[in-house]
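# Observations on chain architecture
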Amino acid sequence: QVQLVESGGGLVQAGGSLRLSCAASGSIFSISSMAWYRQAPGNQRELVATITSGGSPNYADSVKGRFTISRDNAKNTVYLQMNSLKPEDTAVYYCAADVRTSIRAPASRFWGQGTQVTVSS
């Protein structure tokens with residue numbers, strides 16, 4: 001099995017910064033795409049940013065220029081640096097990873113448990 005554990009959430013004032021981390025562990029043969037999603041109360045889960053195994057990022061329009069996704073393949077860890085935070089960024093942030101558990105297994109998506117980010121005005 002594969003576990004994803006997020007950390008780094010918290011309460012910050014508008015304009016501030018936070019850095020989220022998500023470490024994958026367990027039966028990992030390889031990880032292709034890794035991503036961050038978020039879900040605010042009453043809203044659907046939305047994609048924030050993705051990054052390929054080669055390090056190519058993509059961002060939702062709402063966070064472009066403010067958030068940076070990165071990864072450390074040696075540590076099976078993905079990061080989300082969040083700057084210039086706004087109250088509308090308040091949500092539970094989830095990481096996701098597409099993981100192959102063996103050379104014969106197809107990739108499966110695994111999710112973290114989520115970490116709360118609250119931005120006060």
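As the structure is a computational prediction, the values presented were derived from the model and not from experiment.

Procedures and definitions
- Residues numbered from 1 in each chain as written.
- Predicted model: local features only at pLDDT ≥ 70, side-chain atom pairs only at ≥ 80, totals over all residues.
- Heavy atoms only, no water.
- Helix = DSSP H or I, 4+ residues; strand = E, 2+ residues; numbered from the N terminus.
- Polar contact = N/O pair within 3.5 Å; in protein donor to acceptor, adjacent residues only side chain to side chain.
- Disulfide = S-S within 2.5 Å.
- Buried < 20%, exposed > 50% of the residue type's maximum accessible area, 1.4 Å probe, protein only.
- Pairing = 2+ DSSP bridges.
- Axes fitted to C-alpha atoms, helices over the stretch in contact; angles between N-to-C directions.

### Observations regarding the side chain of Arg38
Locating Arg38 in the fold gives a position in strand β4 (residues 30-39). Engagement of the side chain of Arg38 in a polar contact is seen with the side chain of Tyr93, the distance being 2.9 Å.

### Examining the state of the cysteines
If you walk through the whole model with that rule in mind, you get 1 disulfide. Across a sulfur-sulfur distance of 1.9 Å, Cys22 and Cys95 are joined as a disulfide pair. When the S-S torsion is 45 degrees, as for the bridge of Cys22 with Cys95, the disulfide is right-handed. Here Cys22 is found in strand β3 (residues 18-26), whereas its partner Cys95 is found in strand β9 (residues 91-100), with 73 residues between them in sequence. Cys95 matches Cys22 in its accessibility class, with the two residues each being buried.

### A word on the sheet that holds β3
Across a sheet, paired strands are connected by hydrogen bonds in the backbone, their directions being either parallel or antiparallel. In spatial order, the strands read β1-β3-β8-β7; together these 4 strands make up an open sheet with antiparallel pairing. Edge positions in the sheet fall to β1 (2-7) and β7 (67-72), since each has one partner strand and no second. In this sheet, adjacent strand axes meet at a mean angle of 15 degrees when their direction is disregarded. Here β3 pairs with strand β8 (residues 77-82) via 6 bridges, running antiparallel. Paired with Arg19 across the two strands is Gln81, which belongs to β8.

Treat this as a map of the structure, not an account of what it does.
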